[in-house]
Amino acid sequence: PMIAIPGLKRAGEMYANGMDRKHYLISPLYGEFKGLPPMHIFAGTHDILYPDEKIFAEKAKVAGVETYYYEYPRMVHAWMFLPISEAKETIKKIVEIIQCK
């Protein structure tokens, strides 16, 4: 409900501005993962980008990147910014990560 495919495609075209959409600066899915620092990935199962989030996490793990993957059922794109309990829990987790707790 947050992002529709036509708008997402158009936004991607505008962001790419003529560059190959498989360039790592346009889509990190096509970048080099080896040597990246540890990463935390928060994915909602109802996010239109959910399949790519799973692929990204798997590619990072395969490349040896310390990867922490958090999956939230029925959450949409950017649910952390919504006034819901799952957002509060996620923000708390992100703060703990930043504070190295």
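Residues numbered from 1 in each chain as written. Predicted model: local features only at pLDDT ≥ 70, side-chain atom pairs only at ≥ 80, totals over all residues. Heavy atoms only, no water.

S.K.: Could you give an account of a nonpolar patch on the surface, naming the residues involved and the relevant values?
M.R.: The grouping of Met 19, Tyr 24 and Leu 25 at the surface amounts to a nonpolar patch, some 310 Å² of accessible area in total. Within the fold, Met 19 resides in the loop between α1 (5–16) and β1 (39–44). Owing to a relative accessible area of 37%, Met 19 belongs among the partly exposed residues under this scheme. (Patch = residues over 30% accessible without salt bridge, like charges linked within 9 Å, V, L, I, M, F, W, Y side chains within 5 Å. Areas by Shrake-Rupley, 256 points an atom, 1.4 Å probe, with all protein chains shown as cover. Salt bridge = Lys/Arg side-chain N within 4 Å of Asp/Glu carboxyl O. Helix = DSSP H or I, 4+ residues; strand = E, 2+ residues; numbered from the N terminus. Buried < 20%, exposed > 50% of the residue type's maximum accessible area, 1.4 Å probe, protein only.)

S.K.: Account for the nonpolar core, with residues named and values stated.
M.R.: If you look at the biggest cluster of nonpolar residues, it comprises eight residues: Leu 29, Phe 33, Met 39, Ile 41, Phe 56, Ala 57, Ala 60 and Val 65. Every element with two or more residues in this core is listed here: β1 and α2 (50–62). Ranked by the residues each element gives to this core, the list is headed by α2, at three residues. Discounting residues that sit within four places of it in the chain, Leu 29 has contacts with Asp 52, Ile 55, Phe 56 and Lys 59. Of all hydrophobic cores here, the second largest spans six residues; its members include Phe 42, Tyr 70, Trp 79 and Met 80. (Core = buried A, V, L, I, M, F, W, Y, C linked by side-chain atoms within 4.5 Å. Contact = heavy atoms within 4.5 Å.)

S.K.: Break down α2 for me, citing the residues and quoting the values.
M.R.: The end-to-end C-alpha distance of α2, which contains 13 residues, comes to 19 Å, matching closely the 18 Å that a straight helix rising 1.5 Å per residue would cover. Buried within α2 we find Tyr 50, Glu 53, Phe 56, Ala 57 and Ala 60. Seen end-on, α2 carries its buried residues on one side only, within an arc spanning 115 degrees. Along its buried surface, α2 packs onto β1 and β2 (67–72). (Expected span 1.5 Å × (residues − 1). Arc of directions from axis to C-beta.)

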